[in-house]
Amino acid sequence: MIPIKNLIININKMNSTKGQPKGIYLLFVTEMWERFSYFGMRAILTLYMVQALLLDKELASQIYGSYTGMVYLTPLIGGYIADRYWGNRRSILTGATLMAIGQFTLFISASNLQNIPLAKFLMICGLVLLIIGNGFFKPNIATMVGSLYKENDKRKDSAYTIFYMGVNVGAIFAPLVCGYLGNTNRPEDFRWGFLAACIGILIGGIIFQTLNKRYLVSPEGNPIGTKPQPNVQEEKGNEAVRLGLRSYFNMRTISLIGSILLLTLSFAYDWKGNQGSPFGGADWIGSLIYATTIVVPIFIITDKTLTTSEKKHIGIIYAISFFVIFFWAAYEQAGVSLTFFADEQTNRMIGQWEMPSSYFQSFPAIMVVILAPVFVWLWTFLGRYGLDPNDFNKQAFGLLFLALGYWIIALGVKDVDYNVKVSMFWLISLYLLHTIGELCLSPIGLSIVNKLSPARFSSLLMGVWYLSSAAANKFAGMLSGFYPENGVSKNFLGYSIDNLHDFFMLFVFMSGITAIIMFLVAGKLNKMMK
């Protein structure tokens, strides 16, 4: 008879080679509820600002871009604190708690619409709490996915696709639930959408706290995401080395912060003095985001502890992070300009029922959940015959499908008057093509970052990946400000935008040119990675 202990070991080995570790499903559920909270709030945020707080579209777009940009900027701080002090688990729980408080603050904001200045102030407070909380949550939960597997485990790509499905399962129901409760054409009802988002993140945090000790373990059975252990020098008691390293890192941290502040001041001063700038004059949040996007990668790549091989791998991460800025700047129009388009110029009647405009934000997530297993099968099938595109060509295809989506909808609105509503199938077609592009690009990018990141910089480099999204989302908000309004002509870097066709073609050119460049450099990046 086989001893019970050996039987358990054999079962665990079978699970580790033939299936996925149970921890991936815990992370799936936790991320699902956090994304429910985020996408539910996002689905109604711009509508809340325009319809309840009575802000104009350009200002609402700027606030949206600043918020979503900062949401992806703070993971740098959260990743740094997790890597050096707290560990992933504590950071995730802290982030979930702050986000729950932030969503509840938005609920209070929407409950005080009789006092618009107070409601605006509470909205900003709620967004700030969400930004800080997300910084602790987002990079750490993504990092823990890779920690469940051995370094060369071929299941990692599939694991990130499973994880990414968790993102989109939450994103499916969020606009439906929060939109149903909040997007009712009654401004006072927005509060119920925000309250639903608050409950979502609370559920995710409670599930994670209850089960993380049981399921979040390495392939060897050791707990992952715990408080970082002291380095080797500290364990040996080498005080001189320890103090030298601390002094080195303190000086680098001071220089990092100083460089970011100086570049932020420079950008803000330049844009303030140039009112014709496409960035719309002084923008402190935008200046901070773009300055950080430049300085932090330089700070990491110049670390003296990095080997030549590690620097090459980090360089690859930087390259793909640069390209995805243009992808997400176009893709994230879903929360701003495409929401305006759905609300004002899309025929949403289904029989006698008019579908809330916020529901359209569920469509990409529904399509991801349907198509993600197809893409897992497709990459596996092509790989058997040696036809699987390399990771960088996959990302180039993602940008190409993004351009096609905007080209389709540009055709749909060509020569259409502002007072005419077009069929919803134009917008649905755009989202379908964008979803295909997203599945080619985003899960692959997460996997590349995890594969190539040195262990001591894993969360920080995941923060760099999200930093590209910070720049992209701020850029998205700025681009949405060029959304055409009846009788108003706008200009972006010499490109005249007089109608919706011109507006959508802007994204065709941007993403199409980026796709071509990505195809051209894909082979070289693939050789560098190998």
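Small disclaimer: the values here were computed from a predicted structure and weren't measured.

Draft legend 1. Highlighting the overall build of the protein chain. Each helix and strand counted, the protein chain has 18 helices and six strands in total. A total of 530 residues make up the protein chain; the buried ones form 56% of that total. For the protein chain, contacts bridging at least 24 residues in sequence account for 80% of all contacts bridging at least 6. About 23300 Å² of surface is accessible on the protein chain, with carbon and sulfur atoms providing 65% of the total.

Draft legend 2. Just helix α12 (residues 308–331), in detail. Its 24 residues give α12 an end-to-end C-alpha distance of 35 Å, which sits within 8% of 34 Å, the value for a rise of 1.5 Å per residue. Where α12 bends most, at V324, the angle is about 25°. The buried fraction of α12 is high, at 17 of 24 residues.

Draft legend 3. Representation of helix α16 (residues 424–452). If you check α16, its first and last C-alpha atoms are 42 Å apart, about what 29 residues at 1.5 Å a residue would give, namely 42 Å. α16 sits mainly inside the fold: 24 of its 29 residues count as buried.

Draft legend 4. Highlighting the side chain of R89. Relative to the assigned elements, R89 resides in helix α5 (residues 88–110). One buried charged side chain, R89, makes no salt bridge at all; its nearest oppositely charged neighbour is E220, positioned 12 Å away. A polar atom in the side chain of R89 sits 2.6 Å from the backbone oxygen of L216. A distance of 2.6 Å separates a polar atom in the side chain of R89 from the backbone oxygen of I224. Non-local contacts of R89, meaning those with residues more than four positions away in its chain, are made with M144, F208, N212, K213, L216, P223, I224, G225 and T226.

Draft legend 5. View of the packing of helix α2 (residues 23–52) against helix α13 (residues 337–344). Between α2 and α13, whose axes approach to 10 Å, the crossing angle comes to 60°. The angle between α2 and α13 falls in the class oblique. Considering how the two elements wind past one another, α2 and α13 form a crossing that is right-handed. Taking contact as the criterion, the partners of T46, L47, V50 and Q51 in α2 are, on α13, T339, F340 and D343. Looking at the contact of α2 with α13, its residues break down into three nonpolar, three polar and one charged.

Draft legend 6. Looking closely at a nonpolar patch on the surface. On the surface, F397, L400, L404, W407, L411 and W426 cluster together into a nonpolar patch covering about 510 Å² of accessible area. With five residues, helix α15 (residues 391–413) is the largest single contributor of residues to the nonpolar patch. Relative to the assigned elements, F397 resides in helix α15. The class for F397 is partly exposed, based on a relative accessible area of 34%.

Draft legend 7. Spotlight on unusual backbone geometry. Look at L54: it is not a glycine, yet its phi comes out positive at around 65°. Its place among the elements puts L54 in the loop between α2 and α3 (57–73). Given a relative accessible area of 63%, L54 falls into the exposed group.

Draft legend 8. Quick look at the pattern of salt bridges. Across all of its chains, the model carries nine salt bridges by this definition. Of the charged contacts in the structure, one is a salt bridge between R35 and E31, with a shortest N-O distance of 3.9 Å. Of the two residues, R35 and E31 are both situated in helix α2; the distance of four residues between them amounts to about one turn of the helix. Residue R35 shares its accessibility class with E31, and that shared class is buried. A salt bridge links D189 to R186; the shortest N-O distance between them is 2.8 Å. A residue is classified by how much of its surface remains accessible, and R186, at 44% relative accessible area, is partly exposed.

Draft legend 9. Representation of the packing of aromatic side chains. Under the criterion given, the structure shown has 28 aromatic pairs. Judged by centre distance (5.6 Å) and plane angle (90°), the rings of F341 and F504 are edge-to-face. Here F341, found in helix α13, pairs with F504, found in helix α18 (residues 500–529); they are 163 residues apart in sequence, far enough to count as distant. The burial state of F341 is the same as that of F504; both residues are buried.

Draft legend 10. Region of interest: empty space enclosed by the protein. This model, assessed by the stated rule, comprises two cavities of 30 Å³ or more. Contributing to the lining of the largest cavity are 26 residues, with F39, Y164, V167, W328 and E438 lying nearest its centre. Among the elements of the structure, α2, α7 (156–182), α12, α14 (363–384), α16 and α17 (458–480) are those that each provide at least two residues to the lining of the largest cavity. Top contributing element to the lining of the largest cavity by residue count: α7, with five residues. Of the volumes computed, that of the second largest cavity is approximately 50 Å³. What lines the second largest cavity is simply E34, S37, Y38, Y67, V71, M99, Q103, L130 and N134. Contributing elements (two or more residues each) for the lining of the second largest cavity: α2, α3, α5 and α6 (116–147). In terms of residue count, α2 provides more of the lining of the second largest cavity than any other element does, three residues in total.

Draft legend 11. Broad picture of the confidence of the model for the protein chain. Per-residue confidence for the protein chain averages 84 on the pLDDT scale, and 89% of its residues sit at or above 70. pLDDT under 50 marks residues 237–245. Its contacts with residues more than four places away, or in other chains, come to five contacts. When the criterion is pLDDT under 50, residues 273–281 qualifies, and its contacts beyond four places in sequence or with other chains add up to twelve contacts.

Draft legend 12. Region of interest: the environment of S66. With respect to the helices, strands and loops of the structure, S66 is situated in helix α3. For S66, a relative accessible area of 11% translates into the label buried. Each C-alpha atom of the pair S66 and A476 lies 9.5 Å from the other, and the pair is 410 residues apart in sequence. Not counting the four nearest positions on each side in its chain, S66 is found in contact with I285, I289 and K474. Separated by 2.7 Å, the side chains of S66 and K474 make a polar contact.

Draft legend 13. Structural context of the nonpolar core. Counting residues in each nonpolar core, the largest one holds 163 residues, and the members touching the most others are Y48, Y406 and F504. When residues in this core are grouped by element, the largest group, 15 residues, is from α2. For Y406, the residues in contact, after removing those within four places along its chain, are A330, Y331, Q333, L338, L430, H434, F504, F507 and V508.

Definitions and limits used
Residues numbered from 1 in each chain as written. Predicted model: local features only at pLDDT ≥ 70, side-chain atom pairs only at ≥ 80, totals over all residues. Heavy atoms only, no water. Helix = DSSP H or I, 4+ residues; strand = E, 2+ residues; numbered from the N terminus. Buried < 20%, exposed > 50% of the residue type's maximum accessible area, 1.4 Å probe, protein only. Contact = heavy atoms within 4.5 Å. Areas by Shrake-Rupley, 256 points an atom, 1.4 Å probe, with all protein chains shown as cover. Expected span 1.5 Å × (residues − 1). Bend = angle between axes of the 7 residues up to and from the residue. Lys, Arg positive; Asp, Glu negative; His and termini not counted. Salt bridge = Lys/Arg side-chain N within 4 Å of Asp/Glu carboxyl O. Polar contact = N/O pair within 3.5 Å; in protein donor to acceptor, adjacent residues only side chain to side chain. Axes fitted to C-alpha atoms, helices over the stretch in contact; angles between N-to-C directions. Parallel < 35°, antiparallel > 145°, perpendicular 65-115°, else oblique. Left-handed = near helix turned anticlockwise from the far one by under 90°. Nonpolar A, V, L, I, M, F, W, Y, C, P; charged D, E, K, R; others polar. Patch = residues over 30% accessible without salt bridge, like charges linked within 9 Å, V, L, I, M, F, W, Y side chains within 5 Å. Phe/Tyr/Trp six-rings, centres within 6.5 Å; stacked < 30°, edge-to-face > 60°. 1 Å grid on protein atoms, 1.4 Å probe; cavity = no way out; pocket = protein on both sides within 12 Å on 5 of 7 lines; lining within 4 Å. Points joined across faces, edges and corners; volume = space filled by probe spheres on them. pLDDT = per-residue confidence, 0-100. Core = buried A, V, L, I, M, F, W, Y, C linked by side-chain atoms within 4.5 Å.

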